[in-house]
Each structure stands twice: as C-alpha cells, then as structure tokens.
Amino acid sequence: MSLESVRAFLARHAPDLRIIEMQTSTATVAQAAEAHGVEPEKIAKTLSLRVGEKSFLVVTSGTARLDNRKVKATFGGKASMLDAEQVQALTGHPVGGVCPFGLATPLPVYCDISLKTFEEVVPAAGSIHTAVRINPLRMAELVGADWVDVCQARE
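Cut-offs and rules
- Residues numbered from 1 in each chain as written.
- Predicted model: local features only at pLDDT ≥ 70, side-chain atom pairs only at ≥ 80, totals over all residues.
- Heavy atoms only, no water.
- Core = buried A, V, L, I, M, F, W, Y, C linked by side-chain atoms within 4.5 Å.
- Buried < 20%, exposed > 50% of the residue type's maximum accessible area, 1.4 Å probe, protein only.
- Helix = DSSP H or I, 4+ residues; strand = E, 2+ residues; numbered from the N terminus.
- Contact = heavy atoms within 4.5 Å.
- Phe/Tyr/Trp six-rings, centres within 6.5 Å; stacked < 30°, edge-to-face > 60°.
- Lys NZ or Arg CZ within 6 Å of the ring centre and 35° of its normal.
- Salt bridge = Lys/Arg side-chain N within 4 Å of Asp/Glu carboxyl O.

Moving on: the nonpolar core. In this structure, L10, F101, I134 and M139 are the most contacted members of the largest nonpolar core, which totals 30 residues. Those elements that provide at least two residues to this core are helix 1 (2-13), strand 3 (54-61), helix 4 (84-91), strand 5 (109-112) and helix 5 (136-143). Residue contacts for I134: discarding those within four places in its chain leaves L17, F101, E119, E120, V121, P123, M139 and L142.

Attention now moves to the packing of aromatic side chains. If you walk through the whole model with that rule in mind, you get four aromatic pairs. Relative to F101, the ring of F9 has its centre 5.8 Å away and its plane inclined at 35 degrees; by these criteria the two rings are tilted. Of this pair, F9 sits in helix 1 while F101 sits in the loop between helix 4 and strand 5, and the two are 92 residues apart along the sequence. With respect to burial, F9 and F101 carry one shared label: buried. Seen in terms of ring centroids, F56 and Y110 are 5.7 Å apart; in terms of plane orientation they differ by 90 degrees. Their pairing is edge-to-face. Placement of the pair is F56 in strand 3 and Y110 in strand 5, with a sequence separation of 54 residues. The ring of F56 carries K54 above its face, with NZ or CZ at 5.7 Å from the centroid. Here the guanidinium or amino end of K116 rests over the ring plane of W147, the centre of that ring lying 4.8 Å away.

Evaluated as defined, the whole model comprises seven salt bridges. As a salt-bridge pair, R138 and D16 come within 2.7 Å of each other at their nearest N and O atoms. Of the two residues, R138 sits in helix 5 while D16 sits in the loop between helix 1 and strand 1 (20-21), which places them 122 residues apart along the sequence. For R138, a relative accessible area of 28% translates into the label partly exposed. Judged by relative accessible area, which is 54%, D16 ranks as exposed. As a salt-bridge pair, E120 and R133 come within 3.1 Å of each other at their nearest N and O atoms. One end of the pair, E120, is in the loop between strand 5 and strand 6 (122-123); the other, R133, is in the loop between strand 7 (130-131) and helix 5, with 13 residues separating them in the sequence. With a relative accessible area of 30%, R133 lands in the partly exposed category.

Below is the structure:
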C-alpha cells in the first residue's frame, strides 16, 4: 500500500519522477548507497520524530547525525524517535522505506540544510526496495517542507 501511495502522490505532483525499484533491500543508508551507486551522504534519510505530542519528519543527508542541542532549540524540546509501529501507523511506510511522499497522515516535514549541497539526492519511495532521484530543493517544495539546521556540522 505504501509504494502505491507514493506512486499516486508522484503521479499527481511530479509525474516526471520515476520510481526506481530494486531487487535488493535499500533499507539502510549503506544498502541504498551501494544499490544506487552513490555516496552515502547523497541518500536522503527520513527520520520520524516526536517532541511532546507533536510528530514530524526530518529529511537529512544519509551520513548526517542529529545535533540534540539544535533539535531542542528548533522544535522546543528533546526529540525521540518513533518506534516501527508508530512510524508505520503515521506515515504508512515501513521503517527503511519512509519518505516524505504519500503519507498516510499529514505530518510536518522538515529538510535539514545538509541536503542543500547536493544537486540530486535519493530518498526512499515507500518501501525498502524503492527510491527516487530528485533535487533536494524540489523535494522540499513538493512536500511543503521547511528548511532547518538540526544536524551536527560536518568535519
């Protein structure tokens, strides 16, 4: 069902984007990078978080790590990761296939500035075997995401 919701979302909002279906799992950043032939930082990973009663998604570069201080300052509290059941229920996507497209529940989406250095990133597309290639600015625009700075500075 999840892949179908992404397919429907893209057909409506970005019909030029093609969903890439792989035979191997792309559930982790390392698996996705290898399968798509890109550096791990070009994988756009989608984190499902909660601060208090507010759930939301943050899309970051595949190698970026959240900075708890920045997260707290940006979202007003300490963030916790949603568990697999909560992720599936809220997004409609399984862990490893979560993306900001075709969500089961309308959720706020934020894109971390770690994505802005790339011309193209590879987010999942609703399953652990699917992805799309997209410019990060276009991705943010398609899903109505706000840009935030919530990751640790790259060294």
